[in-house]
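# Examination of the molecular architecture
Okay, here's what each chain looks like letter by letter:
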Amino acid sequence: MLLLHLSDVDEAGWAKRFSEALAPYPVVRRGDDFDPAEVRYIFVWKPKPDAFEGLTGLEAILSLGAGVDALLKHPNLPERPIVRFVDEDLSQRMSDYVVAHVTMHHRGYTKFRADQHARRWDQYYPPAASETSVGIMGMGVLGQDAAARLKPLGFALRSWSRTPKIIEGVEGFAGTEQFDEFLAGTDILVNLLPLTPETTGILNTDTFGKLRRGKLLGGPAIVNAARGGHQREADIVKALQDGTLGAASLDVFEVEPLPQDSPLWDVPNCYITPHVAAISNEASGVRYFSSIIGDHREGKPLINVVDRSRGY
Ligand code: NDP
Ligand code: OXD
């Protein structure tokens, strides 16, 4: 039996699709009449504290989110394998966001927008893409997809990950020892890291001060589409105001929804979106998790299992 426990999304819609895809395998939701001991899989997003109560026969936890930082902090998380969402459609959507914001900062959007408001004709030619370096933090599923889509646009690409990566056309850096070197050659910093104790607060004053200056008018830019916990928002406001950063695109925030009184709302070179960089699409999500359940019922191993000791 599959139990759905989803908050803030259309649980009924997901349940209907799962019932169709898995039939005759039983699919239930909270509030239905079922024996919790019969549940083998639970599909979760923002599970409540009692989500796992009575699930004595549970075999795996399926996460609607690609990021599992919040799930790993659940106070009653059972010691069962966690399968996270890995999906081409999700990667494509994230890369759409990344490419849009990288190209926007590369082409001096902040300056030209301000010029237009001021009715100012001021010819400034941005550097070629090949002279502009995009540094991607996190070279996993999403980071690699973003790099593959930025590459044909001609950007100079570099990446930073925990373990070394050899990817054609991407200069790789790994570990804390190579972090500063990575930053020193980066004009546009893209964050696609998971949120772990090691990566919390990584987008801070110290990091911004180490980015390359002199290539992009107004200063280097950051794009954070991973987690709000990665960024120190007070540092971002200050850096955007004092010119340490030329621009910031933020899809995620320390507190979501972003509070009404956050100073970020009023900073003109800050581009805010409400955690919409990439959504887990129902059709492809149901296809992915149904095939995982089907394979597992046939004795095949689970895929994309979270390593709890690493935190992602
Ligand atoms: P992956 O697990 O596939 O990749 C994570 C990458 O980060 C890996 O390259 C890993 O290194 C690297 N990494 C982890 N810890 C460190 C560290 N301490 N130092 C350096 N590098 C590190 O994750 P995904 O690409 O699938 O997703 C990334 C994040 O994107 C998710 O965790 C989630 O928070 C966020 N996300 C946001 C969405 C949105 O709508 N805003 C939507 C979906 C995801 P290594 O390769 O060596 O293991
Ligand atoms: C995710 C997200 O982690 O939507 O999938 O943030």
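None of these values were measured; they are calculated from a predicted model.

### A few points about the site of ligand 2
- Ligand 2 sits among Gly 65, Ala 66, Gly 67, Arg 227, His 275 and Ala 278.
- One nitrogen or oxygen atom from the main chain of Gly 67 is found 2.8 Å from an oxygen atom belonging to ligand 2.
- One nitrogen or oxygen atom from the side chain of His 275 is found 2.7 Å from an oxygen atom belonging to ligand 2.
- Relative to its unbound accessible surface of 210 Å², ligand 2 loses 86% to contact with the protein.
- Its residues assigned to classes, the shell around ligand 2 comprises two nonpolar, three polar and one charged.

### Side note on the domain arrangement of the protein chain
- Taken domain by domain, the protein chain comprises domain 1 (2–87 + 280–297) and domain 2 (88–272).
- The straight-line distance from the C-alpha centre of domain 1 to that of domain 2 is 33 Å.
- Counting each side, the surface lost to burial between domain 1 and domain 2 is near 770 Å², with a carbon and sulfur contribution of 51%.
- Where domain 1 meets domain 2, there are one salt bridge.
- A salt bridge links Arg 227 to Asp 69; its shortest N-O distance comes to 2.9 Å.
- Taken together, the residues of the side of domain 1 that touches domain 2 sort by class into three nonpolar, four polar and four charged.

### Some thoughts on the nonpolar core
- Ranked by internal contacts, the top residues of the largest apolar core, which has 26 residues, are Val 98, Val 102, Val 134, Ile 136, Leu 150, Val 190 and Leu 192.
- If you list the elements that add at least two residues to this core, you get helix H3 (88–106), strand E6 (133–137), helix H5 (141–150), strand E9 (188–191) and strand E10 (221–224).
- Top element by residues in this core is H3. It accounts for five residues.
- Core analysis: the next-biggest nonpolar cluster, separate from the first, contains 25 residues, Phe 173, Leu 189, Ala 239 and Ala 248 among them.

Reading guide: rules and limits
- Residues numbered from 1 in each chain as written.
- Chains lettered and ligands numbered in written order.
- Predicted model: local features only at pLDDT ≥ 70, side-chain atom pairs only at ≥ 80, totals over all residues.
- Heavy atoms only, no water.
- Near = heavy atom within 4 Å.
- Polar contact = N/O pair within 3.5 Å; in protein donor to acceptor, adjacent residues only side chain to side chain.
- Areas by Shrake-Rupley, 256 points an atom, 1.4 Å probe, with all protein chains shown as cover.
- Nonpolar A, V, L, I, M, F, W, Y, C, P; charged D, E, K, R; others polar.
- Domains from an automatic or database assignment.
- Buried area = accessible area lost by both parts, 1.4 Å probe.
- Salt bridge = Lys/Arg side-chain N within 4 Å of Asp/Glu carboxyl O.
- Core = buried A, V, L, I, M, F, W, Y, C linked by side-chain atoms within 4.5 Å.
- Buried < 20%, exposed > 50% of the residue type's maximum accessible area, 1.4 Å probe, protein only.
- Helix = DSSP H or I, 4+ residues; strand = E, 2+ residues; numbered from the N terminus.

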